[in-house]
Structure formats: C-alpha cells, structure tokens
Amino acid sequence: MNPKGRPPHRMAGHKERNAGAKLGTHDLIAAKLRKLFDEVAQQPIPERFVELLHELEEKDAGQEAAKHGKSD
Amino acid sequence: MADPADFRQLLIAAIPALRAFSMSLTARSASADDLVQETLMKAWQHQSSFEPGTNLRAWLFTILRNEFYSQLRKRKRETEDEDGLLSSRLATAAEQEGHVELAELRLALSKLPDDQRDAILLVGASGFTYEEAAEICGVAVGTIKSRVNRARAKLSALLQLDEAAGRVASNDEPRPPLLGGTEPDA
C-alpha cells in the first residue's frame, strides 16, 4: 500500500462552505476556526518529535536484532 | 501492521494537525507539545493495533483526546475538584493571544462546555467528518451533529456574528469591526 498516495482528507466543513454561495455565520465561524488551527499547523515540526520517533524506531530495531541473535 | 519506517513517516506527517488540536485543547504551548509527545509514544507502543489503510489521523486524535482528559481528571482530583480549570486556562490563553480576532475566538471557545468545544474543534477546525468526530469522541453521529450545532450557535452569539454575517455577505464591502472599534489592518 502506498500511504502517501491516499486521497487527502475529506473535510465536512469545506463541503458545507461550497454548498452555499452566501457567506453566512457558519462560514465565518469555519474560517476563524481554520485560522486558529492553521496558526499552529503551519509551524515547522519541532525537531524533538522527529528525534523521538527516530529513537523509538532504533530501539525497536535493536530489540529485534537482540531477539534473533546478532547474525548479519 | 505497517513497516516501522513507514509508520514513523505517517506519524511525522500527522504532527502539525496533532499540535494544532493539542494547542486548542490545552492552550499552553509547553503542555500541548508534551501531550503530542505522549500521543506519539502511545501510538508507537500500540502500532500493532493500528490497521494500515484505516484512518490514522482519527486514531491519533482519539489517543490524544483520551490522554488529555485523563490528565485533566487527574489534575482536577489533585486540586480538590476545581471546576472550570480548563475554561479558566483557555481564557487566560485568550488574553495572551496577540491576534485580536483569534483572541476573541479563544475566549469564546473557553466559554463552551467541553463536549461542544471538542466537537466544533474536530469538525470545524481539524476538518474531520461528523462520522470521524463521533468515532474519536466515542458517541453517536447525531450527538456530534447536535454538539456542533449548539457550539456554532453559542460561538456566533458570543462573537456577535449574526449581525456581521449579513454585512460581509458581499466581499467588497468593508468588514464591520467585531471588537469595539479596534479593527486590525487586514
């Protein structure tokens, strides 16, 4: 399977926004909420998380290797 | 079970959305990132229970939300059942927000009941469908829909949007100030 090739997430809010031509209260709220969300989501991923996951993966790989004996 | 390297990449890709949700729940950047870290570690530990091809984002948000509320419950017990702990924290974060429009929104969100805030954040901000939000919160779809509706109604009253909505219907008209006269340069 190719996880990166999956279609982007379907967004209920977006669908609703396209349904009505006029800019209503719902759209205003949706736009504000998206802004609040994007403010954080658009920041670069902190390095600590990338490192953490890398460490977790290495630790698991090390344990696997130990389990099977270190035969290359 | 996914290949560990693939799984790691999927988790990394989900981090921005997790941080945004965590930040809107905890309202403190330090604890928001601690919560994300906790979520990533739990997800890694339980990766064998994740089925490749199913909704990883919903799975991760479920872990994060559960972790958040279990921490909050613990903290409430320790501080002698202080009600409104979360609301007051969210309100404080609103005061510290530099952006007027977002400060208003944070303050309004802090006034919603927890379940309604969760629902509107998942559907309105994080872009989940009602079905996914229902799965994340462990409730029926109808329950999520009514929570979102109630949250919208309260937010629009708190932000006084009903009036504003009519006036900005045409994009060319100048926007009415939502706060008493302090309209930021757009």
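Quick caveat: nothing in here was measured; it's all calculated off a predicted structure.

Participant: Describe in detail the interface of chain B and chain A, supporting the description with residues and values.
Facilitator: Listed per partner, the contact involves 56 residues of chain B and 37 residues of chain A. Summing the contributions of chain B and of chain A, the shared interface buries around 4200 Å²; its carbon and sulfur component is 67%. Taken as a group, Arg19, Trp44 and Arg152 of chain B account for 14% of the area that chain B buries against chain A, more than any other trio of residues on that side. For the pair chain B and chain A, the interface holds 5 salt bridges. Across the salt bridge formed by Glu57 of chain A and Arg8 of chain B, the nearest N and O atoms sit 2.2 Å from each other. The interface formed by chain B and chain A holds 9 residue pairs in polar contact (both at pLDDT 80 or more) in total. Every element with two or more residues in the side of chain B that touches chain A is listed here: helix H1 (4–26), helix H2 (29–45), helix H5 (100–110), helix H6 (114–125), helix H7 (130–137), helix H8 (141–158) and helix H9 (161–167) of chain B. Sort the elements by how many residues they give to the side of chain B that touches chain A and H1 of chain B lands first, with 13 residues. Residue composition of the side of chain B that touches chain A, grouped by class: 33 nonpolar, 12 polar and 11 charged.

Participant: Give a detailed account of the packing of aromatic side chains, specifying residues and quantitative values.
Facilitator: All names here are of chain B. Inspection of the entire model under this criterion finds 7 aromatic pairs over all chains. With centroids separated by 5.8 Å and ring planes inclined at 50 degrees, the aromatic side chains of Phe7 and Trp44 adopt a geometry described as tilted. Taken together, the residues span a long stretch of sequence, with Phe7 in helix H1 and Trp44 in helix H2 at a distance of 37 residues. The pair formed by Phe7 and Trp44 is uniform in burial state, with each residue classed as buried. Centroid distance Phe7 to Trp59: 6.3 Å. Interplanar angle 65 degrees. Geometry classified as edge-to-face.

About the criteria used
- Residues numbered from 1 in each chain as written.
- Chains lettered and ligands numbered in written order.
- Predicted model: local features only at pLDDT ≥ 70, side-chain atom pairs only at ≥ 80, totals over all residues.
- Heavy atoms only, no water.
- Contact = heavy atoms within 4.5 Å.
- Buried area = accessible area lost by both parts, 1.4 Å probe.
- Salt bridge = Lys/Arg side-chain N within 4 Å of Asp/Glu carboxyl O.
- Polar contact = N/O pair within 3.5 Å; in protein donor to acceptor, adjacent residues only side chain to side chain.
- Helix = DSSP H or I, 4+ residues; strand = E, 2+ residues; numbered from the N terminus.
- Nonpolar A, V, L, I, M, F, W, Y, C, P; charged D, E, K, R; others polar.
- Phe/Tyr/Trp six-rings, centres within 6.5 Å; stacked < 30°, edge-to-face > 60°.
- Buried < 20%, exposed > 50% of the residue type's maximum accessible area, 1.4 Å probe, protein only.

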